[in-house]
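# Fold and contact review
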Amino acid sequence: MDVFPDDFRARLAELMRLRRDVRRFRPDPAPAEVIEAMLAAARLAPSVGLSEPWRFVHVASEAARAAALANFQQANARALAGYSGERARLYAGLKLSGMREAPVQLAVFCDESTPKGAGLGAATMPETRRYSVVAAVTNMWLTARAAGLGMGWVSILDPERLARDLDVPADWSLVAYLCIGWPEENLEEPELERAGWESRAPAPPRPLVR
């Protein structure tokens, strides 16, 4: 197996360090060639049994976007009601989606009944199909960041309602709702850390030894 040069590995580490969950977008259109590159990168992700279970829906129409935004707003209100005191105050001040501004929005699903891969590796752990989709999303995220685009993952949604609103097959389960576009600014630290919601662990995780 090839060993990449030190400068390549350093830049790769920098790319991962600078990846951000973006919620604040400029209204400028996102280049179609970068979106295509992101989808091509998704295809390179590992998948259990080579099942490639990722499915993408471009949420482009005014009606589809309005339905997704209403879904987020209701789920966000329910989430806020679950906090109290200082946490509630902090939560209410967070910007948790770029769904109003992001020029490109993709709903990413896992095809739970795909025949591809013939079930290899998923019979005992069927959730690995969804893990495969997450790996594809990670590839997309790094590709977007390398091209200067921002991407944000919206998880404050009712997934079953979104699947109905987008009229996808019954065997597709929602994994991610992605907002993509040019970021207002490139942050060095996570926005949640800047807002005082949470901070990163001070050191890499250490595995248990058994």
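We now turn to the structure provided with this report. Just so it is clear, the structure is predicted and the values come from calculations on it, not from any experiment.

### Some points on the nonpolar core
One finds Met-99, Ala-107, Leu-166 and Tyr-177 to be the most contacted residues of the largest nonpolar core, which totals 28 residues. Elements with a contribution of two residues or more to this core: α3 (62-81), α4 (85-92), β2 (104-111), α6 (159-165) and β4 (172-181). It is α3 that provides the largest number of residues to this core, a total of 5 residues. Ranked by size, the runner-up nonpolar core spans 23 residues in total, among them Ala-45, Val-108, Trp-141 and Ile-180.

### A short note on the sheet that holds β2
Pairing in this open sheet of 4 strands is antiparallel, and the strands run β1-β2-β4-β3 from one edge to the other. Edge strands, defined here as strands with exactly one partner in the open sheet, are β1 (54-58) and β3 (150-154). Mean inter-strand twist for the sheet, computed between neighbouring axes without regard to direction, equals 30°. Strand direction decides the pairing type here: β1 and β2, joined by 5 bridges, are antiparallel. In the sheet register, Phe-56 faces β2, and the bridge partner there is Val-108.

### Examining the packing of aromatic side chains
Tallied over the entire structure, the rule returns 6 aromatic pairs. For the pair Tyr-83 and Trp-197, a centre-to-centre distance of 5.4 Å together with 85° between the ring planes defines the contact as edge-to-face. Here the residue Tyr-83 occupies a position in the loop between α3 and α4, and Trp-197 occupies one in the segment after α7 (191-194), the gap between them amounting to 114 residues. Owing to a relative accessible area of 34%, Tyr-83 belongs among the partly exposed residues under this scheme.

Rules and cut-offs
- Residues numbered from 1 in each chain as written.
- Predicted model: local features only at pLDDT ≥ 70, side-chain atom pairs only at ≥ 80, totals over all residues.
- Heavy atoms only, no water.
- Core = buried A, V, L, I, M, F, W, Y, C linked by side-chain atoms within 4.5 Å.
- Buried < 20%, exposed > 50% of the residue type's maximum accessible area, 1.4 Å probe, protein only.
- Helix = DSSP H or I, 4+ residues; strand = E, 2+ residues; numbered from the N terminus.
- Pairing = 2+ DSSP bridges.
- Axes fitted to C-alpha atoms, helices over the stretch in contact; angles between N-to-C directions.
- Phe/Tyr/Trp six-rings, centres within 6.5 Å; stacked < 30°, edge-to-face > 60°.

Keep in mind that these numbers describe shape and distance, not what the molecule does.
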